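# Coordinate analysis (summary)
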Amino acid sequence: MRDLAQHVDARGKQDWALVDVHDIETFLAAQPKNRPRRLQIARQFFRFAKSHKIILVDPTSGLSAKAPKGFIGQTLTLDQQRRLFQRWTIDPAVHPHEALLGILALLHGASSSEVRHLRLGDIDPVARTIRLGQRPHPVPLDPVSWTTVQRCGAHRETQRTSNPHLVVTKGTKAGRNPASVAYVSHILDPAGISPRVLRSTRLIDLVNTMDAKLVAAAFGMHPEGVTIYLADHVDPDRLSAPSSADRPG
């Protein structure tokens, strides 16, 4: 109850009678794993408060102990996206593998697995497209993305390897296996971001500006896999529709 009191106070409410269901939902969403216990305690308090005429309406009425299905992960603001975009397109000190994963995840919603398994045969230099994972169609690349792929290819050439993958490490250049999961999972560490956050940010933008079914088809995903990114499950501050000039790339 102390935590709940601090939560509603931070939202500018100093009277229990002013607390509504949205205050309770945001309080529960802060600790999803503790949702059942927190809701139970809140219900007990508000039942007591209502019986003693402290409040007129119980804000916990109708809430479920099960967390609503929806995206609750981290996403990036436009300013954060711009800074990362500049890092991966301007800074020559950034490793080609970091720039590749960063740009493909930020602009094309690529997962670390899709980039890890990207082969030279998946790259069409004439059409400037790449095949990512189980996506049914080749992904057209904008000039920035294509330049990033070329830079990574040039780095691969210096390793003098016959490994068919675009991302080749010291441990894989003598064989034919893709880079390890551990290696790829830490590629973006210098940028302080994860591929999952970049991919989620891109999917949220696409799902809320296009038909979710079209997005699912383009990414080779099940429709239910993209509907969790719909706007009613995401912080509205992350969803302001930018003009084309505001979009990175």
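Description of the structure in this document. (Residues numbered from 1 in each chain as written. Predicted model: local features only at pLDDT ≥ 70, side-chain atom pairs only at ≥ 80, totals over all residues. Heavy atoms only, no water.)

### Thoughts on the overall build of the protein chain
- Scanning the protein chain for helices and strands turns up eleven helices and three strands.
- When the elements of the protein chain are put in sequence order from the N terminus, they spell out α-α-α-α-α-α-β-β-β-α-α-α-α-α.
- Put simply, the protein chain has 249 residues, and 39% of those count as buried.
- If you take every contact in the protein chain between residues at least 6 apart in sequence, the share linking residues at least 24 apart comes to 55%. (Helix = DSSP H or I, 4+ residues; strand = E, 2+ residues; numbered from the N terminus. Buried < 20%, exposed > 50% of the residue type's maximum accessible area, 1.4 Å probe, protein only. Contact = heavy atoms within 4.5 Å.)

### A look at the pattern of salt bridges
- Tallied over the full model, the rule gives twelve salt bridges.
- Across the pair Asp-3 and Arg-2 runs a salt bridge whose closest N-O atoms are separated by 2.9 Å.
- Exposure remark for Arg-2: the relative accessible area of 61% places this residue in the exposed category.
- The partner of Asp-23 in a salt bridge is Arg-11, and the shortest N-O contact between them spans 2.5 Å. Pair noted here: Asp-23 is in helix α2 (residues 21–29) and Arg-11 is in the loop between α1 (2–10) and α2, with a separation of twelve residues, a long-range link. (Salt bridge = Lys/Arg side-chain N within 4 Å of Asp/Glu carboxyl O.)

### Notes on the nonpolar core
- Residues Trp-88, Leu-100, Ile-130, Ile-193 and Leu-198 are the most contacted members of the largest nonpolar core, which totals 33 residues.
- Counting residues per element, the ones that place at least two in this core are α4 (78–90), α5 (96–108), α7 (143–157) and α9 (195–207).
- Looking at this core element by element, the count peaks at eight residues for α5.
- With sequence-adjacent residues up to four places away left out, Ile-193 is seen in contact with Leu-76, Leu-84, Trp-88, Leu-188 and Leu-198.
- Counting residues in hydrophobic clusters, the runner-up holds twelve residues, among them Leu-4, Val-19, Ala-42 and Phe-46. (Core = buried A, V, L, I, M, F, W, Y, C linked by side-chain atoms within 4.5 Å.)

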